[in-house]
Amino acid sequence: MQTVAVLGSTGAIGTRTLEVVAALSDEVRASVLVAGRNMSLFAEQVKRFQPDLVAVADEEARKELLMLLDGADRPEVLVGDDGLAACARYETDVVVNAVMGARGIRPALEAVSRGARLALANKECLVAAGTFIMAAARDSGAEVIPVDSEHCALFQCMQAGVHADVEQWILTASGGPFRTLSKADLERVTVEDALRHPNWSMGRKITVDSATLMNKGLEVIEAHHLFNAPYDKIKVLVHPESIIHSMVEYVDGSVMAQLATHDMRLPIQYALTYPQRVNLPWPKLDFAQYNQLSFAEPDTDRFPSLRLAISAGRAGGLAPCVLNAANEIAVEAFLQGSITFVQIPAVVEQTLDSVAAGRAQTVDEVLAMDRQAREHAWRIASRL
Ligand SMILES: NC(=O)C1=CN([C@@H]2O[C@H](COP(=O)(O)OP(=O)(O)OC[C@H]3O[C@@H](n4cnc5c(N)ncnc54)[C@H](OP(=O)(O)O)[C@@H]3O)[C@@H](O)[C@H]2O)C=CC1
Ligand SMILES: CC(=O)[C@@H](O)[C@H](O)COP(=O)(O)O
Ligand SMILES: [Mn+2]
């Protein structure tokens, strides 16, 4: 039996992971679960999957969970970021990291340092601390299997050749809900508009990132770390249908593409069962539904977040950590109604300009820079 820790089990990726675990229940057991504050859903998950260990965001959530579990078998309940890290450290075969944001750094490191397979949805940990996480995985021999749909696609396309023969890693982007809007129209979009992704149903933060194209910028940095890909060989291609999840072009001109439905259960099950493939009962791709697949260059004039991310990635060191922290704050401020959509990249750019991002020797320095950049970004957002 393969044991799995699901970090962020009440979120969009987490709930789908538990669907996959349930479908594979003869071979896979969710022995560790972590959630934030949605205790009514979490209590149901705990009752159904009977994990040995769980963690929640804070003491208030813990009390609520214990009350909801009254009478049921209660696992040990840990609290906060230390609890999250302890859950990643617990002896499972796989850790599915599906929390949002830089909070994912510590558990990612814990998982790879002890040699567990890291099924990685949380892209922000690689953006901020990818050098440290990938080095720790190399040292322990841990596998990092991407769950992010584009990187899962690239990972599969890479099975067809070797790193030295790759001409380009091509990341597809839906273009988000505002793909066709003018700059003037973008000034007027609402939170509700931004949360209407054309193809995917996801958590609020990543959905806004898709609308600004920051998601694709974060994914460029994620690809750089996962595949040891130089930035000048990573290309972003707008593909509104999101059917081709990404492609790898080899030096001979052959292009390998991975195609599938918009269903995150596929990359999740691939990360759990790799190198095996299994037939689970989700809908399969029906080509007859698509009479065209289209492609275009991204527009970094209307969507400057993509340009900011690529340039922070190229700068390296702590710049991607600052970019990520500022973006998390800017998206939160947008979701709260404190800033407009077009002010999101403005907050990120001003934070990058105001923080001296050098090089980090340790992950603690990355975490310290993450905190510092957040403080700057809040101040900048509150002045806009
Ligand atoms: N959704 C998708 O299709 C994709 C997501 N990703 C990446 O996966 C990650 C998760 O995304 P998504 O599932 O959409 O996000 P969600 O916001 O839906 O889920 C986030 C999860 O983290 C939990 N959480 C929040 N705060 C804490 C805390 N303090 N301690 C522990 N857990 C906490 C939430 O718990 P609660 O709700 O109980 O508060 C929830 O379970 C992100 O990094 C995203 O970029 C990547 C590719 C696709
Ligand atoms: C499902 C997934 O992996 C998301 O990252 C998705 O790709 C977002 O879509 P866009 O960022 O391309 O709009
Ligand atoms: Mn993605």
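Residues numbered from 1 in each chain as written. Chains lettered and ligands numbered in written order. Predicted model: local features only at pLDDT ≥ 70, side-chain atom pairs only at ≥ 80, totals over all residues.

Draft legend 1. Spotlight on the environment of S182. Inspection of the secondary structure puts S182 in the loop between β8 (166-173) and α8 (183-186). On the neighbour-count criterion, S182 (9 C-beta atoms within 10 Å) is exposed. With 120 residues separating them along the chain, S182 and R302 place their C-alpha atoms 7.4 Å apart. (Helix = DSSP H or I, 4+ residues; strand = E, 2+ residues; numbered from the N terminus. Buried ≥ 20, exposed ≤ 12 C-beta atoms within 10 Å, placed from the backbone.)

Draft legend 2. Representation of the site of ligand 2 within the structure. Surrounding ligand 2, one finds D148, S149, E150, A173, S174, G176, W200, S210, N215, K216 and M264. Taken together, the elements giving at least two residues each to the shell around ligand 2 come down to α7 (149-157) and α11 (214-227). Per-class residue counts for the shell around ligand 2 are three nonpolar, five polar and three charged. (Near = placed C-beta within 6 Å. Nonpolar A, V, L, I, M, F, W, Y, C, P; charged D, E, K, R; others polar.)

Draft legend 3. Highlighting the site of ligand 1. The full set close to ligand 1 counts 27 residues, and G8, G11, G36, M202 and G203 are the nearest of them. A total of three residues in the shell around ligand 1 trace back to one element, the largest contributor, which is helix α1 (residues 12-23). Shared between two domains, the shell around ligand 1 takes at least three residues from each, and those domains are domain 1 (2-146) and domain 2 (149-260 + 283-300). (Domains from an automatic or database assignment.)

Draft legend 4. Examining the sheet that holds β8 more closely. Across the sheet, which stays open at both edges, the four strands sit in the order β9-β8-β10-β11 with mixed pairing between neighbours. Since the sheet does not close on itself, it has two edges, and those belong to β9 (234-238) and β11 (255-259), each with one partner. Strand-to-strand, the axes of this sheet are offset by a mean angle of 20°, without reference to chain direction. Relative to β11, strand β10 (residues 244-250) runs antiparallel, the two being bridged by five bridges. What sits directly across from M247, in β11, is A257. α11 contacts β8 and β9 of the sheet and is inclined by roughly 145° relative to β8. (Pairing = 2+ DSSP bridges. Axes fitted to C-alpha atoms, helices over the stretch in contact; angles between N-to-C directions. Contact = placed C-beta atoms within 7 Å.)

Draft legend 5. Focus on the domain arrangement of the chain. Parsing the chain into structural domains produces domain 1 (2-146), domain 2 (149-260 + 283-300) and domain 3 (316-384). Of the residues lining the interface, 13 residues belong to domain 1; the matching set on domain 2 comes to 13 residues. Of all the secondary structure elements, the ones that give two or more residues to the side of domain 1 that touches domain 2 are α6 (124-140) and β7 (144-146). For the side of domain 1 that touches domain 2, the element with the most residues is α6, which contributes five residues. Residues that form the side of domain 1 that touches domain 2 fall into these classes: eight nonpolar, three polar and two charged.

Draft legend 6. Inspection of the UniProt feature "domain: DXP reductoisomerase C-terminal" (unreviewed entry) in the chain at higher detail. Here the UniProt feature "domain: DXP reductoisomerase C-terminal" (unreviewed entry) sits at residues 259-375. Counted over residues 259-375, helix gives 54% and strand 1%. Its end C-alpha atoms are 41 Å apart. (UniProt positions renumbered as here; feature names shortened; annotations may be inferred.)

Draft legend 7. Molecular detail of unusual backbone geometry. Each neighbour pair has its own omega, and for Y274 with P275 the value is 5°, a cis peptide bond. Checked against the element boundaries, P275 lands in the loop between α12 (265-273) and α13 (304-315). In this model, Q50 sits at a positive phi of 45°, which is unusual for a non-glycine residue. Within the secondary structure, Q50 sits in the loop between α2 (39-49) and β3 (53-56). Its 14 C-beta neighbours within 10 Å are what place Q50 among the partly exposed residues. One non-glycine residue, S242, lies in positive phi territory at about 50°. Relative to the helices and strands, S242 resides in the loop between β9 and β10. S242 sits in the buried class, given 20 other C-beta atoms within 10 Å.

Draft legend 8. Local environment of the sheet that holds β3. Here seven strands make up an open sheet; going across it, the order is β4-β3-β2-β1-β5-β6-β7 and the pairing parallel. Each edge of the open sheet is held by one strand with a lone partner, namely β4 (76-79) and β7. Here the average twist between neighbouring strands, direction ignored, is 25°. Bridge analysis of strand β1 (residues 2-7) against strand β5 (residues 94-97) gives four bridges, and the strand direction is parallel. If you follow L7 over to β5, its bridge partner there is N97. The sheet contacts of α12 involve β1, β2 (28-34), β5, β6 (117-120) and β7, and relative to β6 the element is tilted by about 175°.

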